[in-house]
Amino acid sequence: MKTNLRITFLLFFLFSAFVSFSQEKKWTLEECVNYALEKNISIREAGLDVQLAAVNKSDASGNFMPSVNVNASHFWNIGLTQSITGILEQQTTQFTNAGASASIDLYKGLLNQKQYRRQKMALVASQYQLVKMKEDISLNVANAFLEILFNKENLKVQQEQLKVDLEQKNRTADLVEGGMVPRGDLLDIEATVAADRQKVIQSENQLLISKLSLAQLLQLEEFWKFDIADEEYDLTESEVMLNTPMQVYDKARELRTEIKIAQANLGVAEQDVKIARAAYQPTLTGFYNLNTRVTYADYSSFENGQVVSITPPPFWNQFWDNKGHSFGFQLNIPIFNGFSTRNSVRKSKIALERSKLAFEREELDLQRNVYTAYTDVQGAQKAYEAAVSAANARKEALIYAKERYEVGLINVFDLNQAQTLSANAQSEVLRTKYDYIFKVKILEFYFGIPITQN
């Protein structure tokens, strides 16, 4: 009996510890980013594109190697067969043919070299696409993470406001009982408390939705259990702001993945033009063939005026005696192909011009984005500083309003208005704070500073 109790107690303890551990698991920003980079479907698809590009590069490498093939066939001939004497006879004959061939491109207008360079650049472009996908996912995760932090802080503000109003409700109830304030003030306070409860519920819902959004972005199965660790961020001015917008752009132009992708695609388009032009060139191929034949059935031969039945030699003797060789070169010179080559070159040139325009557009977009990000950081910093000043002023105004309300100089409506303005000011501080943090991270990202310091 005691043993059963001990086992039950142990199982209960382990289960409690497991539940406690699962409840205490809170994700940091670095953990969220790393998990997303590992599990996100879009990133995994981009990884498959890289693997496919590597296979295409391997195919291009194989074009430099000779082509070698071996063939064999065995067949039966059953039925009437004309003999050497001209008489039709029922015969069954068997034959085996075997051969091997090899060929190699000696000259193909340097097509193989150009295709190899093209696939090599395509592999680089796909690798940059994978990096770009990871960068975008990292930014999305960081934005969702900061949204949760904001909603957590905002919920605390609303809960604190509810606590303050509940205390004010109790004081007002005492004043009503003492006949110092009318009962209508208590009703107004109760309405304010009810509104505060509604705001708390709304804040809780916003927090839950933001958690679900990040959990689904991470593609967690049990997303309803997801929560993040509370992190504090230093709001000191970023060192990137010590640079001018043009300096940030110059650094971003060297580092940003979208520029590298455009450069790689431009290189691919240039190689496509060269590949298309290679079709104008003649091709020279070297080849070698080996063939042999083996006969299994007896056959007849006409010798000295008589038909003689001959038994074929053994298999391997025939295999070696009947072999034949052929080798040589094949030259193909394109003369006219219905404008196919010319049109292919023209299409590749048009695609090249598109790639040049895409590269210019990426440079212009990057410049605009950097200047916008730089301006956004400046504006977000000023907005945060203004929000802090306004919140401090609203806090002092609320203290003054409470003092005046206690002595009956203002009514409960004015007090509620001061409390609402103070709560809104605190929420605005939080909003501008996390907006500033995210915009700083975007600007730092352009400058080459990763979202998380691994």
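Values in this document were obtained by computation on a predicted structure and should not be read as measured data. (Residues numbered from 1 in each chain as written. Predicted model: local features only at pLDDT ≥ 70, side-chain atom pairs only at ≥ 80, totals over all residues. Heavy atoms only, no water.)

(A) Broad picture of helix α2 (residues 29-39). Turning to α2, its buried residues are L29, C32, V33 and A36. Mapping the buried residues of α2 onto a view down its axis gives an arc of 95°, with all of them on the same face. Buried residues along α2 sit against α3 (41-62), α4 (111-177), α5 (183-217) and α10 (412-446). (Buried < 20%, exposed > 50% of the residue type's maximum accessible area, 1.4 Å probe, protein only. Helix = DSSP H or I, 4+ residues; strand = E, 2+ residues; numbered from the N terminus. Arc of directions from axis to C-beta. Contact = heavy atoms within 4.5 Å.)

(B) The packing of aromatic side chains, seen in detail. Applying the stated criterion across every chain, the model contains four aromatic pairs. Judged by centre distance (6.3 Å) and plane angle (75°), the ring pair of F64 and Y116 falls under edge-to-face. Here Y116 lies in helix α4 and F64 lies in the loop between α3 and β1 (67-82), a separation of 52 residues in the sequence. A residue is classified by how much of its surface remains accessible, and F64, at 39% relative accessible area, is partly exposed. Aromatic ring contacts, followed pair by pair, group W27, Y35 and F226 into a single cluster. Over the aromatic face of F447 sits the side chain of K251, whose NZ or CZ is 4.3 Å from the ring centroid. (Phe/Tyr/Trp six-rings, centres within 6.5 Å; stacked < 30°, edge-to-face > 60°. Lys NZ or Arg CZ within 6 Å of the ring centre and 35° of its normal.)

(C) The packing of helix α7 (residues 257-277) against helix α9 (residues 340-406), seen in detail. Relative to each other, α7 and α9 sit at 165°, their axes nearing to 8 Å. When the axis of α7 is compared with that of α9, the two are roughly antiparallel. Between α7 and α9 the crossing geometry is left-handed. Among the residues making up the contact of α7 with α9, the classes are represented as 11 nonpolar, six polar and eight charged. (Axes fitted to C-alpha atoms, helices over the stretch in contact; angles between N-to-C directions. Parallel < 35°, antiparallel > 145°, perpendicular 65-115°, else oblique. Left-handed = near helix turned anticlockwise from the far one by under 90°. Nonpolar A, V, L, I, M, F, W, Y, C, P; charged D, E, K, R; others polar.)

(D) Highlighting the packing of α4 against α5. Interhelical geometry of α4 versus α5 gives an angle of 165° and a closest axis separation of 8 Å. With respect to their mutual orientation, α4 and α5 come out roughly antiparallel. For the pair α4 and α5, the crossing hand works out as left-handed. Residue composition of the contact of α4 with α5, by class: 16 nonpolar, 12 polar and 12 charged.

(E) View of unusual backbone geometry. The residue L110 is not glycine, and still its phi comes out positive at about 60°. One can find L110 in the loop between β2 (88-107) and α4. Note on L110: relative accessible area 45%, which makes it partly exposed.

(F) Inspection of the nonpolar core at higher detail. Formed by 52 residues in total, the largest nonpolar core has its most connected members in L29, C32, V141, F145, L214, L218 and F226. Broken down by element, the residue count for this core peaks at 17 residues, all from α4. Among residues more than four places away in sequence, those in contact with F226 are W27, C32, I148, K211, L214, A215, L218 and L220. (Core = buried A, V, L, I, M, F, W, Y, C linked by side-chain atoms within 4.5 Å.)

(G) The arrangement of the environment of Q378 in detail. Mapped onto the elements, Q378 comes out in helix α9. A relative accessible area of 35% means that Q378 is categorised as partly exposed. Along the primary structure Q378 and Y436 are separated by 58 residues, whereas in three dimensions their C-alpha atoms are 8.7 Å apart.

(H) Here's a closer look at the confidence of the model for the protein. In the predicted model, the protein carries a mean pLDDT of 83, and the fraction of residues at 70 or more is 87%. Of all the helices and strands in the protein, helix α1 (residues 2-24) carries the lowest mean pLDDT, 43, while α7 carries the highest, 93. (pLDDT = per-residue confidence, 0-100.)

(I) Representation of the pattern of salt bridges within the structure. Counted under the stated rule, the structure contains 16 salt bridges. Measuring nitrogen to oxygen at the nearest pair gives 3.1 Å for the salt bridge that ties K152 to D230. With K152 in helix α4 and D230 in the loop between α5 and α6 (245-255), this residue pair connects regions lying 78 residues apart in the sequence. D230 gets classed as exposed once you look at its relative accessible area, which sits at 51%. Salt-bridge contacts for K211 lead to D227; the nearest nitrogen and oxygen are separated by 3.2 Å. Of this pair, K211 sits in helix α5 while D227 sits in the loop between α5 and α6, and the two are 16 residues apart along the sequence. When sorted by exposure, K211 lands in the same class as D227, which is buried. Taken together, the salt bridges that share partners define one network made up of K26, K152, K211, D227 and D230. (Salt bridge = Lys/Arg side-chain N within 4 Å of Asp/Glu carboxyl O.)

(J) Main features of a nonpolar patch on the surface. A cluster of nonpolar residues, I104, L106, Y107, L110 and F329, forms a patch on the protein surface that exposes about 490 Å² of accessible area. Of all the elements, β2 adds the most residues to the nonpolar patch, at three residues. (Patch = residues over 30% accessible without salt bridge, like charges linked within 9 Å, V, L, I, M, F, W, Y side chains within 5 Å. Areas by Shrake-Rupley, 256 points an atom, 1.4 Å probe, with all protein chains shown as cover.)

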